[in-house]
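Below are the chains, spelled out letter by letter.
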Amino acid sequence: AAIYFFYDKWDKALDDCNAILKIRPHYPGAYYLKSVCYHNSGNTSRAMKYMKKAIFYEPKEAHFHLILALFYKKQKKTKKAMASLNDLSVGSTRT
């Protein structure tokens, strides 16, 4: 999946992520990569959905919270962006 991602082959990267998730359905890295692929292909709502899943399975991963906050900021949802960052500092998740 990472190689396809590197070459901007979003559909192929998503196919690989889906295959990974069939084997390891709780793997946050696959949800993270799906999120970034959807974001890069212009589907922000799906990008947010899968970033939230990544956070659900790995709530202490700072990078996931930061990316979700950036997605919210891009949508001009400042309060939700700040909440995502706050969730990181208190160790909880809000979706």
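Residues numbered from 1 in each chain as written. Predicted model: local features only at pLDDT ≥ 70, side-chain atom pairs only at ≥ 80, totals over all residues. Heavy atoms only, no water.

A. Molecular detail of the confidence of the model for the protein chain. Taken residue by residue, the protein chain gives an average pLDDT of 86. The fraction at 70 or more is 83%. Mean pLDDT in the protein chain bottoms out at helix H1 (residues 2-6), which sits at 64, and peaks at helix H4 (residues 44-57), which reaches 95. (pLDDT = per-residue confidence, 0-100. Helix = DSSP H or I, 4+ residues; strand = E, 2+ residues; numbered from the N terminus.)

B. Molecular detail of H4. Over its 14 residues, H4 runs 20 Å from end to end, which matches the ideal 20 Å to within 8%, given 1.5 Å per residue. Along H4, the residues classified as buried are Thr44, Ala47, Met48, Tyr50, Met51, Ala54 and Ile55. Where H4 is buried, its residues contact helix H3 (28-40) and helix H5 (62-74). (Expected span 1.5 Å × (residues − 1). Buried < 20%, exposed > 50% of the residue type's maximum accessible area, 1.4 Å probe, protein only. Contact = heavy atoms within 4.5 Å.)

C. Representation of the packing of helix H2 (residues 10-23) against H3. Packing of H2 against H3 leaves a shortest axis separation of 9 Å and a crossing angle of 160°. Relative to H3, H2 is oriented roughly antiparallel. Taken as a pair, H2 and H3 cross one another with a handedness that is left-handed. On the side of H2, the interface is formed by Trp10, Ala13, Leu14, Cys17, Asn18, Ile20 and Leu21, while H3 contributes Ala30, Tyr31, Leu33, Lys34, Cys37, Tyr38 and Asn40. Its residues placed into classes, the contact of H2 with H3 shows eleven nonpolar, two polar and one charged. (Axes fitted to C-alpha atoms, helices over the stretch in contact; angles between N-to-C directions. Parallel < 35°, antiparallel > 145°, perpendicular 65-115°, else oblique. Left-handed = near helix turned anticlockwise from the far one by under 90°. Nonpolar A, V, L, I, M, F, W, Y, C, P; charged D, E, K, R; others polar.)

D. Spatial organisation of the state of the cysteines. With the rule as written, the count across this model stands at zero disulfides. The thiol sulfur of cysteine 17 is not disulfide-bonded, and the nearest other cysteine sulfur, from cysteine 37, lies at 5.6 Å. Cysteine 17 sits in the buried class, given a relative accessible area of 1%. (Disulfide = S-S within 2.5 Å.)

E. Fine view of unusual backbone geometry. Of note, the phi angle at lysine 76 is positive, near 65°, even though the residue is not glycine. Relative to the elements of secondary structure, lysine 76 occurs in the loop between H5 and helix H6 (78-90). You can call lysine 76 exposed: its relative accessible area is 73%.

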